[in-house]
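Observations on the model geometry
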Amino acid sequence: MRLVLVPSPFVGANSWRELERVLPNSVVADYGGVSAPDWYAGAARRIADQVDVAPWVAVLHSSAGGFAPALASASTRLSGLIFVDAVLPHPGKSALDIAPQAQIEQLRALTTDGRLARWNEWFGSDPTPHWIADAEVRATFLSDLPRVPFAFLEAIAPEGTGWELLPAAFIQLSKGFETNAGRAEARGWPVRRARLNHLAMASDPQAVAELLAGLP
């Protein structure tokens, strides 16, 4: 089964490159980011167009978890979902609807000309030197970080229940996704936890490959 590695819309395809190198039968979906007017459905179609030649499993990182309903609608060959330190789908809601108010105000303050600052600039200091020690790997990760339109946060994720019929699993890499891991457990999904970091697919790809083994 082909594993399709789907990056968060707030980072680039390079976030998965190290894992792609060590994980057999995997491919990174470089879908070109999100854009109006079909923020979710458009990204899902571009992903499906790249990989929809055989059954595949979507491996969704961080905010890419919100793509699951749109992916299920875009592809009849999608056969499973693995959420890696990811939000769970929120059909009928926007990213702002599920975010804490303090984070929303922080992101508004980081927006200029209608676009968010690059993801590594959302924090008091850049976390990537701590999370990705290898300077070359870190530079590659940083090289394709996009400036996402703030309007994406306001976009309503499309409705759809097809994703709920697919086998699914959750991998928790960092403390910040404990709540989402708990929600996945409540759904009866397999959940695997590791004390790594949110970008472990870049910093420790072999460990993440082992966590993915046999899922969903």
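Structure report, in brief. (Residues numbered from 1 in each chain as written. Predicted model: local features only at pLDDT ≥ 70, side-chain atom pairs only at ≥ 80, totals over all residues. Heavy atoms only, no water.)

**Considerations on the nonpolar core**
We apply this condition: Put simply, buried Ala, Val, Leu, Ile, Met, Phe, Trp, Tyr and Cys residues joined by side-chain atoms within 4.5 Å make one nonpolar core. For every residue, the accessible area (1.4 Å probe, protein chains only) is compared with the maximum for its type, and the residue is labelled buried under 20%, exposed over 50%, or partly exposed between those bounds. Comment: elements are numbered from the N terminus, with helices defined as DSSP H or I runs of at least four residues and strands as E runs of at least two. A contact between two residues is defined here by any heavy atoms of the two lying within 4.5 Å.
Phe-67, Leu-81 and Phe-83 are the most contacted members of the largest nonpolar core, which has 76 residues in total. Here this core gets six residues from one element, more than from any other, and that element is helix H2 (residues 39–51). When neighbours within four sequence positions are excluded, Phe-83 is seen to be in contact with Leu-60, Gly-65, Ala-68, Leu-88, Pro-89, Ala-168, Ala-169, Phe-170, Ile-171 and Trp-189.

**A word on the pairing of strand S4 (residues 78–84)**
Note the cut-off: We call a crossover right-handed when, viewed with the strands running away from us, the connection from the first strand over the helix to the second turns clockwise. In this scheme, strands are said to pair when DSSP sees at least two bridges between them.
Along S4, six of the seven residues are buried, which leaves the element largely enclosed by surrounding structure. As a crossover connection, the stretch from strand S3 (residues 56–61) through helix H3 (residues 68–74) into S4 is right-handed. With four bridges joining them, S4 and strand S7 (residues 168–172) adopt parallel strand pairing. Within the sheet, the bridge partner assigned to Leu-81 lies in S7 and is Ala-168.

**Comments concerning unusual backbone geometry**
Residue Ala-36 is joined to Pro-37 through a cis peptide bond whose omega torsion reads 0 degrees. Residue placement: Pro-37 occurs in the loop between strand S2 (26–28) and H2. Cis geometry is found at the peptide bond from Leu-215 to Pro-216, where omega equals 0 degrees. As for its position among the elements, Pro-216 is in the segment after helix H11 (205–212).

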